[in-house]
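These are the residues of each chain, in order.
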Amino acid sequence: MKRIKIINYVCTLIAGLLLFCAVPRAQDSTPGDLNINLRYFMFNNKISYVLVNTKTKMAGKFQPVRKIGLSVYLDSVAGSNLIGKVNTDTNGNAQLLIPASLRSAWDASASHKFLAVSVANKQFAETSADIEIIKAKIVLDTTTVDTIKSITAKVFEFKDNDWTPAPDVELKIGVRRLGGMLPIGKEATYTTDSTGEVTAEFTKLNLPAEKGILTLVVNAEDNDKYGNLVYEQKIPWGVPIVQSDDWNKRTLYSTRFRSPIWLLFMAYSVMAAVWGVLLYLVMQIIKLRKLGKKVAVDNFSMP
Amino acid sequence: VDTLTTIKPEKISLSNRERIIHELYPQKFGRRGKIWTATLIVLCLIGAFAYYRQLRYGLVVTGMRDYVSWGIYISNFVFFVAISLVGSLITAVLRLADVHWSTPLTRIAEIIAVSAIFFASAIIIVDMGRPERFVHLFMYGRLQSPIMWDVIVIGTYFIISILLVYLPLLPDLKILIAHKEKNTRWLNKYYRFLGSFWRGTDQQFKIANRGITILCITIIPVAFCIHTVTSWLFATTYRPGWDSTNFGAYFISGAFLVGAGAVVVAMYVFRKAYNLEKYITAEHFNKMGKIVVLLALLYLYFNINEFLVPAFKMKKPEEEHLTELFAGKFAPLFWFAILTSMIVPIIIMLFKAGRKPKPMFIAGVLIVVGAWCKRFLIVTPTLLHPFLPMSNVPDNYRHYFPTWEEWAIAIGSLAGALLVITFFVRILPIIPIHETITEEQETIDVQPIATNGTATNNIKEKIIAE
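Residues numbered from 1 in each chain as written. Chains lettered and ligands numbered in written order. Predicted model: local features only at pLDDT ≥ 70, side-chain atom pairs only at ≥ 80, totals over all residues. Heavy atoms only, no water.

Caption draft 1: Local environment of the interface of chain B and chain A. Facing the 31 residues of chain B at the interface are 29 residues of chain A. Linking chain B to chain A there are zero salt bridges. Run the count over chain B and chain A and you get 14 residue pairs in polar contact (both at pLDDT 80 or more). For the side of chain B that touches chain A, the element with the most residues is helix H9 (residues 202-235) of chain B, which contributes ten residues. Residue composition of the side of chain B that touches chain A, by class: 20 nonpolar, eight polar and three charged. (Contact = heavy atoms within 4.5 Å. Salt bridge = Lys/Arg side-chain N within 4 Å of Asp/Glu carboxyl O. Polar contact = N/O pair within 3.5 Å; in protein donor to acceptor, adjacent residues only side chain to side chain. Helix = DSSP H or I, 4+ residues; strand = E, 2+ residues; numbered from the N terminus. Nonpolar A, V, L, I, M, F, W, Y, C, P; charged D, E, K, R; others polar.)

Right, dumping it as structure tokens:
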């Protein structure tokens, strides 16, 4: 009886421990609310698109929510204003271009609202998010005075049916390099003045680039009013990359026909000197033979 | 340098002359000689059979795998190359230094050099998985590769060594041809083929002497090249144990030592076998002993340089290699090689009693055996300690022990080198007869002058005047 009691205690203890471990894990693995983040982009004043990101908090960390259906609308949730329906990718991202069918609605107003509504599923209830932007654009100008190269960027916002300068907009100016953007000057960011203008000196001289052409990038990142404005322009301010092709050069590691001249000269000089000596010695042996034969003939012909 | 003096051997009494010729004339093998030759031939045949197996089944019959791709074949190669340096030491350096006591040793040194360099070339072909492609080295070889330099310099050294044997041999060939009743028919033919043109005229002596002097001058830089280039095969490869700027000098000093050790052994054996006590005297051993001690100290100095400096720094990749050598699985062989090739011979030969023939012979054998082990230690342990650790490889890739085929081929090549020397001694005089007769004449001429108080340095002038 006592033994059964002990077994019961042990079983209860194990069950309790299992429950203790399982509950927090279950809680951890339960997704939290769906979080939708909308970002507006205008690329080179021509292509505007919306980037949607979905995530949720799991196990104390934000995790992307993949393959969740989203409907994105312009200005209001209505079938006629539907920009598109997408499913997020493995990173929880989805991208939508504003379609030509919404061109008249887009042109009609200086500011717009983007709305994203998720499709409810087993994990998440229907969730929505929105972002409001004012249409804006960046105009870029490059100048070279003497040897000083400068970049002037102007930001305009669409207001009262006209493009007006946008002051106090923070811009990043740089050139695109592998893996990111290299600022062209000492400042990390520049802020437009009352005329919506900013000028930066191009100090990164001698940057190597294919045919010397650099990609200049000016962008306003996650601006509260204008969203993301990106402007890229090719400029011939780099140094053309000259591919050094060592394959056809005379090196110690190249093919036998491309031995370095100095090595050939040294090796052949030494070989010629030594084998010249050996050849001379062989000639001397031949001379010895001739001398021996001559002496033999002389001795034979003596009376 | 007058190597072959123009003294007419006829000046010394006929009986003395004939006695010297008789004593130094190549002799037929006795019972012991026949057993010795037969043993060497059997060892060579076993080696040839092992090589046949290697050709048939490939290098898989060896213990060499992906990591240890240079085993005892290359150790043997380095050993042969090292031992061949003796030709330039005894023949060239001592001749150019006008040292006359080494005359009876010159041909021993020269023939050791020729046979060693021949088998060095042979063993490198044995190491090739596809030996029929050896010709590709000449057809497609890259001059940038140290291996190509080695091929060129070994070929050159071989030719120089052959010439250095041949030119001083010419006056002796005349003697051999003159004693045709002592020779077999084919030997007479062979002697006539080699030296029937030698009449011993002043002009011939002059040409031959000049040729020998030129060869002695040429062989020294070429000998240094052969050993330096062989060391560069290792030193130009970035690996623990080989990445050293000391390697050229380290190899040359080691080669001088093992070559001199081999000459000491050969001196003792020929002295005993052919009763040459009158020609290879205790004084020769004494003087060779002093040279060997000097060379052993020199090699010890380079060894200290080679191991102390990296051991002091103990860079991580070197650490494993050095620890294996000093205290690991290679330690017994390492310390055996250090003791036998340097320490013990130095202790033996540092004292006059140790420079007598028998102790010298023992020291010489120790040097040669230790030197072979040292070459193995230079080649193999490094290959077992690559920079990138070995992973996911069969267990036998991590170790190296030669198979019986490798042992048979290596021993066969050593036996082959000894067989070449043995046949040479059977066919040609191992101590130059003409030079010995000439030196006998010098002694006769010098004695009255010396007793009159005239400096012995006048010997040369007197000989030339005559």
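Caption draft 2: Expanded view of the side chain of Ser150 of chain A. Residue and element names in this part refer to chain A. Relative to the elements of secondary structure, Ser150 occurs in strand S10 (residues 148-159). By relative accessible area, Ser150 is classed as buried at 15%. Those residues within four positions of Ser150 in sequence are excluded, and the remaining contacts are Asp141, Thr142, Thr143, Thr199, Ala200, Glu201, Phe202 and Trp237. (Buried < 20%, exposed > 50% of the residue type's maximum accessible area, 1.4 Å probe, protein only.)

Caption draft 3: Local environment of the pairing of strand S6 (residues 93-97) of chain A. All names here are of chain A. Residues Ala94 and Leu96 point to one face of S6 and are all buried, whereas Asn93, Gln95 and Leu97, pointing to the other face, are not buried. Across five bridges, strand S2 (residues 47-58) lies against S6 in antiparallel orientation. Its bridge partner lying in S6, Tyr49 is registered against Leu97. (Pairing = 2+ DSSP bridges.)

Caption draft 4: Region of the structure containing empty space enclosed by the protein. Residue and element names in this part refer to chain B. Taken as a whole, this structure holds three cavities of 30 Å³ or more when the rule is applied. When its volume is computed, the largest cavity comes out at roughly 90 Å³. Forming the boundary of the largest cavity are Glu23, Leu24, Tyr25, Pro26, Gln27, Tyr274, Leu276, Val425, Leu428, Pro429, Ile430 and Ile431. Of the residues assigned to the lining of the largest cavity, the class counts are ten nonpolar, one polar and one charged. Empty space within the second largest cavity amounts to approximately 40 Å³. Along the walls of the second largest cavity sit Val78, Ala82, His227, Tyr250, Phe251, Ala255, Tyr299, Arg375 and Ile378, which together make up its complete lining. Listing elements by their share of the lining of the second largest cavity, those giving two or more residues are helix H3 (72-83), helix H10 (247-273) and helix H14 (357-383). At three residues, the largest contribution of residues to the lining of the second largest cavity is made by H10. Of the residues in the lining of the second largest cavity, the class split is seven nonpolar, one polar and one charged. (1 Å grid on protein atoms, 1.4 Å probe; cavity = no way out; pocket = protein on both sides within 12 Å on 5 of 7 lines; lining within 4 Å. Points joined across faces, edges and corners; volume = space filled by probe spheres on them.)

Caption draft 5: Just the environment of Lys211 of chain A, in detail. Residue and element names in this part refer to chain A. Note on placement: Lys211 falls in the loop between strand S16 (208-209) and strand S17 (214-223). Sequence-wise, Lys211 and Met283 are 72 residues apart; in three dimensions their C-alpha atoms are separated by 63 Å. Filtering out sequence-adjacent residues up to four positions away, Lys211 remains in contact with Pro240 and Ile241.

Caption draft 6: Spotlight on helix H8 (residues 185-195) of chain B. Residues and elements named next belong to chain B. Those residues of H8 that fall on the buried side of the exposure criterion are Leu187, Asn188, Tyr191, Leu194 and Gly195. Taken around the axis of H8, the buried residues stretch over an arc of 130°, which confines them to a single face. Exposed residues on H8 whose side chains face more than 90 degrees from its buried face are Arg185, Trp186, Lys189 and Phe193. Where H8 is buried, its residues touch helix H7 (146-178) and helix H15 (404-427). (Arc of directions from axis to C-beta.)

Caption draft 7: The arrangement of the packing of helix H4 (residues 86-96) of chain B against helix H5 (residues 103-126) of chain B in detail. All names here are of chain B. Relative orientation of the contacting elements H4 and H5 amounts to 145°, with a least axis distance of 7 Å. H5 is crossed by H4, and the crossing has left-handed handedness. Here H4 contributes Val86, Gly87, Ile90, Thr91 and Arg95 to the contact with H5, which in turn contributes Leu105, Thr106, Ala109, Glu110, Ile112 and Ala113. Among the residues making up the contact of H4 with H5, the classes are represented as six nonpolar, three polar and two charged. (Axes fitted to C-alpha atoms, helices over the stretch in contact; angles between N-to-C directions. Left-handed = near helix turned anticlockwise from the far one by under 90°.)

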